[in-house]
Amino acid sequence: MRSLLVVLTFLVLWQVACSVFSIPAWFLPAPSAVLQALAQDFGLLASSFLFTAKVTLGAFFLAVLFGFFIGLFSYLSRFVKDGVLPFTILLQTTPVVSIAPLLIVWFRNNAFAALLVCAWLVCVYPMISSTYAGLGKADNNLKRLFRLYRISPWQSLWHLELPSALPFILNGMRISGGLALVGAVGAEFVAGTGGRELGLAYRLLMAAYNQETPRLFAALCVVSVFGIMIHQLLAVLESYVLRRLRVPTHESASAT
Amino acid sequence: MTNAAKKTLIHCERLGIQFNGIAVLQDINLTLSQGDRIALLGPSGCGKSTLLNVLAGLLEASSGTVERYLQPAEMSFVFQDASLLPWKTVLQNITMIPELIAEKINSAELYQRAESILLQVGLRDKLNAYPDQLSGGMKMRAALARALLVAPQLLLLDEPFSALDDPTRERLQDDLRAMHASSSLTTVLVTHNMEEAFLLADRIFVFSHDGRILREFQVAEYTSGEVVTRESAALSQMRSDVRTLWQTDGLELHNA
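The written sequence of each chain sets the order in which its residues are numbered from 1. Chain A is the first chain written and ligand 1 is the first ligand written, with later ones labelled in order. With the structure being a predicted model, the display of local features is reserved for residues of pLDDT at least 70 and the display and counting of side-chain atom pairs for 80 or more, all residues being used for whole-chain, interface and lining totals. In computing side-chain properties, one takes all heavy atoms of the structure into account and sets aside hydrogens as well as water.

On to the overall build of chain B. Helix and strand labels come from DSSP, where a helix needs a run of H or I of at least four residues and a strand needs a run of E of at least two; each type is numbered from the N terminus. Secondary structure assignment for chain B yields eight helices and nine strands. Taking 2.2 N^0.38 as the reference for a compact globule, 256 residues should give roughly 18 Å; the C-alpha atoms of chain B span a radius of gyration of 19 Å, in line with that estimate. For chain B, the C-alpha atoms occupy an extent of roughly 55 × 40 × 40 Å along the three principal directions. Here, two residues are considered to be in contact whenever any of their heavy atoms come within 4.5 Å of each other. Taking as baseline every contact in chain B between residues at least 6 positions apart, the subset at least 24 positions apart corresponds to 70%. For accessible areas, the Shrake-Rupley method is used with a probe of radius 1.4 Å. Any residue's cover is judged against the shown protein chains and nothing else. Counting every atom, chain B has about 11,500 Å² of accessible surface; 45% of that belongs to carbon and sulfur. Here the positive residues are Lys and Arg and the negative ones are Asp and Glu; neither His nor the chain ends is included. In plain terms, the charge of a residue is placed at NZ if it is Lys, CZ if Arg, CG if Asp and CD if Glu. Of the charged side chains in chain B, 23 are positive and 31 negative; the average position of the first set lies 3 Å away from that of the second. With C-alpha atoms as the basis for the radius of gyration, the globule rule is written as 2.2 Å multiplied by the number of residues raised to the power 0.38.

Here the focus is helix 2 (residues 31–40) of chain A. Each full turn of the α-helix corresponds to 3.6 residues, which orients residues three or four apart in the same direction. Residue and element names in this part refer to chain A. Partly exposed residues are those whose accessible area sits between 20% and 50% of the maximum for their type, while under 20% is buried and over 50% is exposed, using a 1.4 Å probe and protein chains only. Within helix 2 the residues assigned to the buried category are Pro 31, Val 34 and Ala 37. Buried residues along helix 2 cover an arc of 115 degrees about the axis, so they all sit on one side. Exposed and facing more than 90 degrees away from the buried side of helix 2 are Leu 35, Gln 36, Ala 39 and Gln 40. Lining the buried residues of helix 2 we find helix 1 (2–20) and helix 10 (213–244). Directions pointing from the helix axis toward each C-beta atom define the arc.

Below, the discussion takes up the confidence of the model for chain A. Looking at chain A as a whole, the pLDDT averages 89, with 94% of positions reaching at least 70. Looking over chain A, one finds the lowest element-wise mean pLDDT in helix 5 (residues 100–106) of chain A, namely 82, and the highest in helix 3 (residues 42–76) of chain A, namely 95. Predictor confidence is given residue by residue as pLDDT, running from a minimum of 0 to a maximum of 100.

What follows is about the interface of chain B and chain A. Listed as interface residues are 28 residues of chain B and, on the opposing side, 23 residues of chain A. Once two parts are brought into contact, the accessible area they lose, counted with a 1.4 Å probe and summed over both, makes up the buried area. Around 2,400 Å² of area is buried between chain B and chain A when both sides are counted, 63% of it from carbon and sulfur atoms. Interface area lost by chain B to chain A is led by Leu 58, Trp 87 and Leu 100 of chain B, which between them contribute 29%. Between Lys or Arg on one side and Asp or Glu on the other, a salt bridge is scored when a side-chain nitrogen of the former is within 4 Å of a carboxyl oxygen of the latter. Put simply, chain B and chain A have two salt bridges between them. Note that Asp 158 of chain B and Arg 144 of chain A form a salt bridge whose closest N and O atoms lie 3.5 Å from each other. Any pair of N or O atoms that falls within 3.5 Å is considered a polar contact. Within protein, one atom must be able to donate a hydrogen and the other to accept it, and sequence-neighbouring residues count only if both atoms are side-chain atoms. Counting every contact that joins chain B to chain A gives eight residue pairs in polar contact (both at pLDDT 80 or more). If you list the elements that add at least two residues to the side of chain B that touches chain A, you get helix 1 (48–56), strand 5 (75–78), helix 2 (90–101) and helix 4 (136–149) of chain B. Ranked by residue count, the leading element in the side of chain B that touches chain A is helix 2 of chain B, at four residues. Among the residues making up the side of chain B that touches chain A, the classes are represented as 19 nonpolar, four polar and five charged. Throughout, the ten residues Ala, Val, Leu, Ile, Met, Phe, Trp, Tyr, Cys and Pro are labelled nonpolar, Asp, Glu, Lys and Arg are labelled charged, and all others, Gly among them, are labelled polar.

All names here are of chain B. Here strand 5 shows a buried face lined by Met 75 and Phe 77 and a second buried face lined by Ser 76 and Val 78. Paired strands, in this sense, are two strands between which DSSP finds at least two bridges. Pairing of strand 5 with strand 6 (residues 154–158), which is carried by four bridges, proceeds in the parallel orientation. Among the inter-strand pairings, Met 75 is bridged to a residue of strand 6, identified as Leu 154.

Next up on the list: the pairing of strand 9 (residues 213–218) of chain B. Residues and elements named next belong to chain B. Examined bridge by bridge, strand 8 (residues 203–207) and strand 9 share five bridges and lie antiparallel to one another. Bridge pairing in strand 9 links Phe 205 to Glu 216. Hairpin geometry of strand 8 and strand 9 is characterised by an intervening segment of five residues between the two adjacent antiparallel strands and by a positive phi of about 80 degrees at Gly 211.

What follows is the structure in structure tokens.
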């Protein structure tokens, strides 16, 4: 509620500043002008949003799936961990958008797949690292107890390590969700869509090129709102699961 | 029961443990028989908990021999932390191990036994409570109940009361003594607290800072058959003897 009030105050001040200081719309459009552009371009923005959303959600889904299993197998096998390590370092240190032109070459006939892979590369690492780290956070005493009673590694994984890792995995999902959008928009900036479907990054670029700043802001608004929606939805999911697990938010689920 | 008639549970001879070339335990000779109440007393880092892990079979000896005449399922552990899973109720926490290790289980009988043990440790009314609804003392009682539910012959206690406040610790020590009096449970207690060792053990092995057993104290020799209490003059005498022993060994004493 307080955040909403701050945002509304900011918008009012912005509107007033634009009127009082006669700021030209090509430099900084007033919120009312942005709203007008949003209404006018609704159809275009909606179809662009759908395209970017498809890339973002697809990349996010794949990141959760692959990130979880890569993290899990790295935890279970030293061999996998050592094999995966150079690639995870590569993912961390290489600006992934710089790979986008290469992906366009590889996926010449499928721009969507190129964008998807690019966005996936941006958002998969937090899932791998949080799954791997989370699995290692299970209570050491209980691990000793499980070893004492010769409880199988699979039972230990299911009953102890996976539930203990859940808060970390959910946190990784939240970070990954935000990065998926960054990756989708960034990849589209670099690679273009190359097809008929045009995403929000294309709208941003075209508006900037034509100096239609209100349109640019309108597209930016859609990107921001989408990002906030992803973050909030994943935060709600995280909070719900942690409440069910009776683990305070942002704390480990290790035994008490 | 005389010593000769007692069944030997574990026998260690010239046991040594090394981690990365550093000796953690040296030349440990110890025989643990049924009904023994042993305390391993020593400063932090002297290898007491390591010895407990060796006795449980969780750690291999680097040198010497360890002979165990009981199965892993006949042992149980209580740790310094209660190590309860926050997403399980007290009842679910304490029945988890028996449910995982049993090939076939009579759930009704298990729950009945669990309730009876929870009654014994004073938690009968908390069986459906979650760990975050329990005090520190209650959590330790739940951990004790979990250990007792597997009906162990040998209970390994790794500084179980050291994280508790004084009144709670004393109450739990009294509960354990009452349990000793009413059963033939064998216990090995790791502690750095002389009073605790004196109250809860018949034999006290005093460790040097470098992982050797300096001397075995028989509590009965100090008490001359009197009931051991916190106020016993024998405790002061033993405390003085242990301090002298440590000082001779070159250990710097503060409030040991």
